[in-house]
Amino acid sequence: MVEQTAELTARPWTRYSRKERWIRFAIYFVTLFAVVWAIRDIDIFWPWVWDAPTQIQNLGSRMWPPEFEAWSAILNAMLETVHIATLSTMLTIFIALPVSYIAAQNTTPNRLTLWIGRFILVSSRSVNTIIWALLFVAIFGPGVLAGILAVMFRSVGFIGKLMGEAIEEIDRRPVEAMEATGASRMKVVLFGIVPQVMPAFFAIVILRWDINIRESTVLGLVGAGGIGVLLQGSIDTFAWQTVATILLAIIGLVLLGEALTSMLRKKVL
Amino acid sequence: MLEISNLVKRYGSDAPVLKGLDLVVEGNTVVSVVGASGAGKSTMLRCINRLVEPTSGSIQLNGRELVNLRGANLRHARRKIGMVFQGFNLIDRLTVMENVLAGRLGYVSLYQAMTRKFPQTDIDRAFHLMDRVGIAHYANKRADELSGGERQRVGVVRALMQEPEILLADEPTASLDPKTSEQIMVLLQSLASELSLPVLINIHNVSQARTYTDRIVGLRNGQMIFDGTPGEFNQEALDAIYGGIEAPDETGGEEQPTEEAQTP
């Protein structure tokens, strides 16, 4: 009993030690400093910021009511946008799957192929779709082809990386069993690995298709096809009422894509 | 006939796991390999079908040297060696039939494997074997819907689909409840005599080894220290194989056999 009371009084407790508290204060300070520094440095012209509400009102009145006269052109451009997303996602699969195979530690043939695979994935992912589009517009000229290639080059990294991770997480035991039957490497992959990564594969491809629809809508801003071309043209000619229609159409398309993909995802999982 | 001579396996620069093992299995005998965890049972079995690369020594199956085989020759040799695993190692998302037919992967073309268009003789054999072990009505069920005992039957049928010349079983009953594991042992024993197939079984359960196998081989520290019939496998042999092992995680495996030894 005596011991217990002694223990009760003599054991203070704090969540953080003195050193940890100092580190936390230092982190707060550094963060605050970075924010203040950034705001001072980027040189915002404040009168324009205060003017924003009037400008929004102004733009809104110029956009209203939306102009539906160009609906058939908009519909065609929307279809083109979806086609870019679908085609590029399909084509990506053929490149991304072999890359994910060599970029996964448990299936790659050797260290060199592992690094080649990872290099492809990193370089694909570190360049934004719009920048890929700029490059391909420069090479192939403006149009849908440049858009498809741009979306593809960005998607290879995404699908490849996630599929690589899915392959790394498989259960090794069925693979061992397939090897023991005397099956060749391709057949081991076909029976031991493919069934295990199938659900992940569909989920990833559906997700990427969804993302690609959204990415395809802005490709036109750099001349790589899709609804963005029309949007850019309308902004340039101050056809704000058409711009409003296009924006509504894009929102509609994205919502539709979202609904469709979430439905597909439920079917797959 | 399986002839293992002077088999050595060393992982990296550690002490060897197998230290010059010799073992001959003839005819359609069922041989059980007993020994504590880490004695080298699993490594020995995996050296036979080369899931583990032996460091040195010789393994011959019906006169064919297995140790130096590579590529297509290795795959051809593996077709003739069936293997049953402790964790069943089925492909969960495929049907029972697909799992069973996977045993034919070494024989069919890649196109046949991809389109699941296996030859009718394979399908007939699959149904015949599945009927024999009582799982034919599950043919179109997914493998992960089955119970443990049923899954191991699928594993056995898959191995037999290879038309093996020898069957290896690595702790085939360790993941099963006592009753089911006895059924699997009976099954392996009777299949061995029906198909006149030699069977090599790694097993922890010494009483099952005694009851269901023709010959017991005891391993300790990578060396064979007992080789004889179940009748000759006495308390002395048991102590030699399991006795004095102090590793705490092995006490569970150690107690059971000593109890068993006192009963008869």
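Brief notes about the overall build of chain A
A tally of regular secondary structure across chain A gives 11 helices and 0 strands. For chain A, the succession of helices and strands along the chain, N to C, is α-α-α-α-α-α-α-α-α-α-α. A compact globule built from 269 residues should have a C-alpha radius of gyration of about 18 Å, whereas chain A, at 27 Å, is more than 25% larger. Seen along its three principal axes, the alpha-carbon backbone of chain A occupies a region of about 85 × 65 × 35 Å. Looking at chain A as a whole, 38% of its 269 residues qualify as buried. Expressed as a percentage of contacts within chain A between residues at least 6 apart in sequence, the contacts between residues at least 24 apart total 73%. Summed over its atoms, the accessible surface of chain A is roughly 16,600 Å², and 71% of this surface lies on carbon and sulfur atoms. Averaging the positions of the 22 positive and the 19 negative side-chain charges in chain A gives two centres separated by 8 Å.

Quick notes on the sheet that holds strand 6 (residues 81-84) of chain B
Residue and element names in this part refer to chain B. Taken in spatial order, the 6 strands of this open sheet run 6-7-8-3-9-10, and their pairing is mixed. The two strands at the open ends of the sheet, each matched to only one other strand, are strand 6 and strand 10 (223-228). Across the sheet, the mean angle from the axis of one strand to that of its neighbour is 20°, orientation sign disregarded. Across the sheet, helix 9 (residues 235-242) touches strand 3 (30-34), strand 9 (215-220) and strand 10, and the angle it forms with strand 9 is around 35°.

What about the nonpolar core?
Counting residues in hydrophobic clusters, the biggest one holds 110 residues, and the most contacted among them are Phe191 of chain A together with Met44, Ile48 and Leu200 of chain B. In terms of residue count, the dominant contributor to this core is helix 9 (residues 185-219) of chain A (10 residues).

Points about the environment of Thr107 of chain A
Residue and element names in this part refer to chain A. Counting through the fold element by element, Thr107 comes out in the loop between helix 4 (71-103) and helix 5 (111-126). Residue classification places Thr107 among the buried residues on the basis of a relative accessible area of 6%. Once residues within four sequence positions are removed from consideration, Thr107 is found in contact with Tyr101, Ile167, Arg185 and Ile193. Polar side-chain contacts of Thr107 include one of 2.6 Å to the backbone oxygen of Tyr101.

As for the interface of chain A and chain B
At the junction of the two partners, chain A supplies 18 residues and chain B supplies 29 residues. For the pair chain A and chain B, the summed buried area comes to about 2,000 Å², and 67% of that belongs to carbon and sulfur atoms. On the chain A side of the interface with chain B, the three residues burying the most area are Thr181, Lys187 and Phe191 of chain A, jointly 31% of the side's total. Linking chain A with chain B are 1 salt bridge, by the criterion used here. Residues Glu176 of chain A and Arg46 of chain B are paired through a salt bridge, measuring 2.8 Å at the closest nitrogen-oxygen approach. Applying the counting rule to chain A against chain B returns 7 residue pairs in polar contact (both at pLDDT 80 or more).

A short note on helix 9 of chain B
Residues of helix 9 of chain B that are buried include every one of Ala237, Leu238, Ile241 and Tyr242 of chain B, and no others. Buried residues of helix 9 of chain B, seen end-on, are gathered within an arc of 110° and therefore sit on one face of the element.

Concerning the pattern of salt bridges
The tally for this structure, following the rule as stated, stands at 18 salt bridges over all chains. Here Asp144 of chain B ties to Arg142 of chain B by a salt bridge, and the two come within 2.8 Å at their closest N and O atoms. The class for Asp144 of chain B is partly exposed, based on a relative accessible area of 36%. Judged by relative accessible area, which is 29%, Arg142 of chain B ranks as partly exposed. Through salt bridges with shared partners, one network takes in Arg172, Glu179 and Arg185 of chain A.

Some details on the layout of surface pockets
Volume-wise, the largest pocket comes out at about 480 Å³. Lining the largest pocket are 17 residues, and of these Leu97, Tyr101, Val189, Val194 and Val197 of chain A sit closest to its centre. When contributions to the lining of the largest pocket are tallied by element, the ones reaching two or more residues are helix 4, helix 7 (144-168) and helix 9 of chain A together with helix 4 (110-115) of chain B. Sorting elements by how many residues they give to the lining of the largest pocket places helix 9 of chain A first, with 9 residues. Split by residue class, the lining of the largest pocket holds 15 nonpolar, 1 polar and 1 charged.

Regarding the packing of aromatic side chains
A full pass over the atoms with the stated rule returns 10 aromatic pairs over all chains. For the pair Phe226 of chain B and Phe233 of chain B, a centre-to-centre distance of 4.9 Å together with 80° between the ring planes defines the contact as edge-to-face. In terms of burial, Phe226 of chain B and Phe233 of chain B fall into one category: buried. Taken together, Trp132, Phe136, Phe140 and Phe153 of chain A form an aromatic cluster joined through their ring pairs. Taking the ring centre of Phe158 of chain A as reference, the NZ or CZ of Arg208 of chain A above it sits at 4.8 Å. In this arrangement the basic side chain of Arg104 of chain B is found over the ring face of Tyr107 of chain B, its NZ or CZ atom lying 4.0 Å from the centre.

About the cut-offs
Residues take numbers from 1 onward in each chain, read along the sequence in its written order. Chain letters start at A and ligand numbers start at 1, both assigned in the order the entries are written. Local features in this predicted model are restricted to residues of pLDDT 70 or higher, and side-chain atom pairs are both shown and tallied only at a pLDDT of 80 or more, whereas totals for entire chains, interfaces and linings draw on every residue. Excluded from the side-chain calculations are hydrogens and water; all other atoms, namely the structure's heavy atoms, are used. The numbering of helices and of strands both runs from the N terminus, where a helix is a DSSP run of H or I of at least 4 residues and a strand a run of E of at least 2. The size measure is the radius of gyration over C-alpha atoms, and the globule rule it meets is 2.2 Å times the number of residues to the 0.38 power. Buried residues are those whose accessible area, probed at 1.4 Å on protein chains only, stays under 20% of the maximum for their type, while exposed residues exceed 50% and partly exposed ones sit between those limits. Contact definition: two residues touch when any of their heavy atoms are within 4.5 Å. Each accessible area is a Shrake-Rupley estimate made with a 1.4 Å probe; only the visible protein chains count as cover when residues are assessed. None of His or the chain ends enter the tally, which takes Lys and Arg as positive and Asp and Glu as negative. Charge coordinates come from a single atom per side chain, which is NZ of Lys, CZ of Arg, CG of Asp or CD of Glu. Any two strands are treated as partners once DSSP identifies two or more bridges connecting them. Here an axis means a line fitted to C-alpha atoms, over the contact stretch when the element is a helix, while the angle between two N-to-C directions is reported on a 0 to 180 degree scale. The criterion is simple. A nonpolar core is a set of buried Ala, Val, Leu, Ile, Met, Phe, Trp, Tyr and Cys residues joined through side-chain atoms within 4.5 Å. Throughout this description, a polar contact denotes any pair of N or O atoms lying within 3.5 Å of each other; where both atoms belong to protein, one of them has to be capable of donating a hydrogen while the other can accept it, and for residues adjacent in sequence the pair is counted only when both atoms sit in side chains. In short, buried area is how much 1.4 Å probe accessible area vanishes from two parts on joining, totalled over both. Definition used for salt bridges: Asp or Glu carboxyl oxygen within 4 Å of a side-chain nitrogen of Lys or Arg. The directions from the helix axis to the C-beta atoms form the arc being described. Here a cavity is any set of points on a 1 Å grid over the protein atoms alone where a 1.4 Å probe fits but cannot get out, and a pocket is any open set with protein on both sides within 12 Å along at least 5 of 7 lines; a residue lines the site when it has an atom within 4 Å of a point. Grid points are joined across faces, edges and corners, and a volume is the space filled by probe spheres set on the points. Classes in brief: Ala, Val, Leu, Ile, Met, Phe, Trp, Tyr, Cys and Pro nonpolar; Asp, Glu, Lys and Arg charged; the others, Gly included, polar. Stacked, tilted and edge-to-face are the three classes applied to pairs of Phe, Tyr and Trp rings, where Trp contributes its six-membered ring and a pair requires centres within 6.5 Å; stacked means planes under 30 degrees apart, edge-to-face means over 60, and tilted covers the rest. Our definition puts a charge over a ring when NZ of Lys or CZ of Arg is within 6 Å of the ring centre and also within 35 degrees of the ring normal.

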